[in-house]
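Secondary and tertiary structure notes
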Amino acid sequence: MTRRVVLLHTVSGLLPVFGELGKGLPADVKVSNIVDESLLADALAQGALTASISRRVVDHVISAVDSGAVAVMATCSSIGPAVELAAQLVDVPVLRVDVPMVDAAIESAQVAAGTERAPRIAVLATAKSTLSPTVDLVRRRAQDASVEPELEVRLLSEAFAANASGDTARHDAIIAEALRDLAESVDSIVLAQASMARVAAIVSNEGLTTPTFSSPGLAMGRLASVLEHA
């Protein structure tokens, strides 16, 4: 019997990324997608989640579960707090895309820091609406792991503007430059948006070795694990 999972997207351009990663899910799993770009557009316009946006996220999740989904994952960090709310209202796994990434970054930084000092973690985002939820998630997951990291937080709004205008090369260059700048001063780096993931490969190919974490691959790996043990 086929099991269906639903991915909730706020950026249609990420469908191919998650579609390719979906090939790593169990063979009996079929992926369906809900795309609602108004969620992110409204969060950007408001600068944060509002009650109205959160209700719409919850409605999408409930609708997916009512239609038979055995798991739901939201691929946008900006709506993460609403996803956590939705998870309390249904009886199937509802996943935030950024939790596995944040957990991996915390663990990596803790290992690098050892027992001599606090782990140093950088959080980079291009959208203001994403920054606060991601920083909050890092703090909460670190607290759960009994870790007290020092955070370096950067909003790269110029990269967001470049991407919005279609200049992906400049978008990537701005992020890559920030990664180079941070490489010697932090133990791990969190790329807060799935759209930033491709830059991790760019800097890795340049020889920068500071562990840099993005959400898509790690999130789909976590989803696969949840489905394997369901």
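Provided above is the structure to which this section pertains.
Residues numbered from 1 in each chain as written. Predicted model: local features only at pLDDT ≥ 70, side-chain atom pairs only at ≥ 80, totals over all residues. Heavy atoms only, no water.

1. Looking at helix H6 (residues 128-144)
Across its 17 residues, H6 extends 25 Å between first and last C-alpha, which sits within 8% of the 24 Å expected from 1.5 Å per residue. The positive-phi residue at the C-terminal boundary of H6 is Ser146, with phi of around 60 degrees. (Helix = DSSP H or I, 4+ residues; strand = E, 2+ residues; numbered from the N terminus. Expected span 1.5 Å × (residues − 1).)

2. What about the layout of surface pockets?
The volume enclosed by the largest pocket comes to roughly 360 Å³. Val11, Leu40, Phe160, Gln193 and Ser195 are the residues nearest the centre of the largest pocket, which is lined by 23 residues in total. Mapped by element, the contributors of at least two residues to the lining of the largest pocket are helix H2 (37-46) and helix H7 (157-164). Here the lining of the largest pocket takes 3 residues from H7, the largest share from any one element. Residue composition of the lining of the largest pocket, by class: 11 nonpolar, 11 polar and 1 charged. (1 Å grid on protein atoms, 1.4 Å probe; cavity = no way out; pocket = protein on both sides within 12 Å on 5 of 7 lines; lining within 4 Å. Points joined across faces, edges and corners; volume = space filled by probe spheres on them. Nonpolar A, V, L, I, M, F, W, Y, C, P; charged D, E, K, R; others polar.)

3. Section: empty space enclosed by the protein
Enumeration over the complete set of coordinates arrives at 1 cavity of 30 Å³ or more. Approximately 30 Å³ is the volume attributed to the largest cavity. Along its surface, the largest cavity is lined by Leu179, Ala183, Ile189, Val203, Leu208, Thr210 and Thr212. Of the residues that constitute the lining of the largest cavity, the class distribution is 5 nonpolar, 2 polar and no charged.

4. Re the nonpolar core
Of all hydrophobic cores here, the largest spans 22 residues; its most connected members are Val57, Val61, Val72 and Ile79. If you list the elements that add at least two residues to this core, you get strand S1 (3-9), H2, helix H3 (51-66), strand S3 (71-74) and helix H4 (80-87). A total of 6 residues in this core trace back to one element, the largest contributor, which is H3. Ignoring anything within four residues of it in the chain, the contact list for Val61 reads Val72, Ala86, Val90 and Val94. (Core = buried A, V, L, I, M, F, W, Y, C linked by side-chain atoms within 4.5 Å. Buried < 20%, exposed > 50% of the residue type's maximum accessible area, 1.4 Å probe, protein only. Contact = heavy atoms within 4.5 Å.)

5. Quick look at the sheet that holds strand S8 (residues 212-213)
Spatially, S6-S5-S7-S8 is the arrangement adopted by the 4 strands of the open sheet, whose pairing is parallel. Every other strand in the sheet has two partners, leaving strand S6 (150-155) and S8 as the edge strands with one partner each. Relative to strand S7 (residues 188-191), strand S5 (residues 120-125) is paired through 4 bridges, and the arrangement is parallel. Residue pairing in the sheet places Leu124 in a bridge with Leu191 of S7. (Pairing = 2+ DSSP bridges.)

6. Comments concerning the pairing of strand S2 (residues 29-35)
As judged from the 7 bridges shared by S1 and S2, these two strands associate in the parallel manner. Each residue of the ladder has a partner; that of Leu8, found in S2, is Ile34. Each parallel crossover has a hand, and for S1 linked through helix H1 (residues 15-21) to S2 it is right-handed. (Right-handed = clockwise from strand over helix to strand, strands pointing away.)

7. Focus on the sheet that holds S1
An order of S2-S1-S3-S4 is seen for the 4 strands of this open sheet, with the pairing classed as parallel. The sheet is open, and its two borders are formed by S2 and strand S4 (94-96), each paired with just one other strand. For this sheet the average axis-to-axis angle between neighbouring strands, irrespective of direction, equals 20 degrees. Where H3 meets the sheet, its contacts fall on S1, S2, S3 and S4, and the angle it forms with S1 comes to roughly 165 degrees. (Axes fitted to C-alpha atoms, helices over the stretch in contact; angles between N-to-C directions.)

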